Amino acid sequence: DQQVKQNSPSLSVQEGRISILNCDYTNSMFDYFLWYKKYPAEGPTFLISISSIKDKNEDGRFTVFLNKSAKHLSLHIVPSQPGDSAVYFCAVLASGAGSYQLTFGKGTKLSVIP
Amino acid sequence: EAQVTQNPRYLITVTGKKLTVTCSQNMNHEYMSWYRQDPGLGLRQIYYSMNVEVTDKGDVPEGYKVSRKEKRNFPLILESPSPNQTSLYFCASSSRGQGRNEQYFGPGTRLTVT
């Protein structure tokens, strides 16, 4: 059973508009949530993260929102730029005693149209 | 330059021929991990290591072995590769407790088993 779900395999957005990528998780014990961006032929690169004790974290054009009651995470990119076109993975971290496991969603391919 | 390196980047091999994919990081990170990426399945964790001589299974460990004899190196071993291990493999490392918990990924190794 998937612990992390990204239900939209792809998303197309006009340049300058807002991109909203969504992620749902099942386990309320996760304590950290992250977004990674991946270009073809490269490894994923870290984008932004949020602790389970917060509900919003902002870094430039990127904002991550966490709704713990709904077990929902979203990434907002404003304004979207063509260079943002990539696959975006959300990931959840469970870091209990003796464990440090990162679980990824299947990814959403974002295309920003000039 | 802080980085995670993997070798080889591309490998074509035959069923049953033992192989090792090396991973090295120069950031003195405690935590290292291996993932495989397959179409429609996202990134799945194979094995991870919390520190030297400490390793644990991820979500898809069957058919793989790892070792962590030194802090900087975390090789992935396929004792008897099979075609279903054809995939794109990523190594990652992280320093625990640095506040952001992001993992740094290598560039990937594309493995084909015929």
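Our subject is the structure that appears above.
These remarks concern the structure in this document. If you're wondering where the values come from, they're calculated on a predicted model, not measured in any experiment. (Residues numbered from 1 in each chain as written. Chains lettered and ligands numbered in written order. Predicted model: local features only at pLDDT ≥ 70, side-chain atom pairs only at ≥ 80, totals over all residues. Heavy atoms only, no water.)

## Considering the state of the cysteines
- Evaluation of the coordinates by the stated rule reveals two disulfides over all chains.
- Disulfide partner of A:Cys23: A:Cys90, at an S-S distance of 1.9 Å. The sign of the 55° torsion about the S-S bond sets the A:Cys23-A:Cys90 disulfide as right-handed. Placement of A:Cys23 in strand 3 (residues 19-25) and of A:Cys90 in strand 9 (residues 86-94) is noted, with a sequence separation of 67 residues between them. One exposure class covers both A:Cys23 and A:Cys90, and it is buried.
- Across the disulfide from B:Cys23 sits B:Cys91; the S-S distance is 1.8 Å. (Disulfide = S-S within 2.5 Å. Helix = DSSP H or I, 4+ residues; strand = E, 2+ residues; numbered from the N terminus. Buried < 20%, exposed > 50% of the residue type's maximum accessible area, 1.4 Å probe, protein only.)

## A short note on the nonpolar core
- Counting 23 residues, the largest nonpolar core has A:Phe33, A:Trp35, A:Leu73, A:Leu75 and A:Tyr88 as its most contacted members.
- Those elements that place two or more of their residues in this core are strand 3, strand 4 (32-38), strand 5 (45-51), strand 7 (62-67), strand 8 (72-77), strand 9 and strand 11 (108-113) of chain A.
- With four residues, strand 9 of chain A is the single largest residue contributor to this core.
- Of all hydrophobic cores here, the second largest spans 19 residues; its members include B:Met27, B:Tyr47, B:Phe74 and B:Leu111. (Core = buried A, V, L, I, M, F, W, Y, C linked by side-chain atoms within 4.5 Å.)

Note that all results are geometric; they support no functional claim without further evidence.
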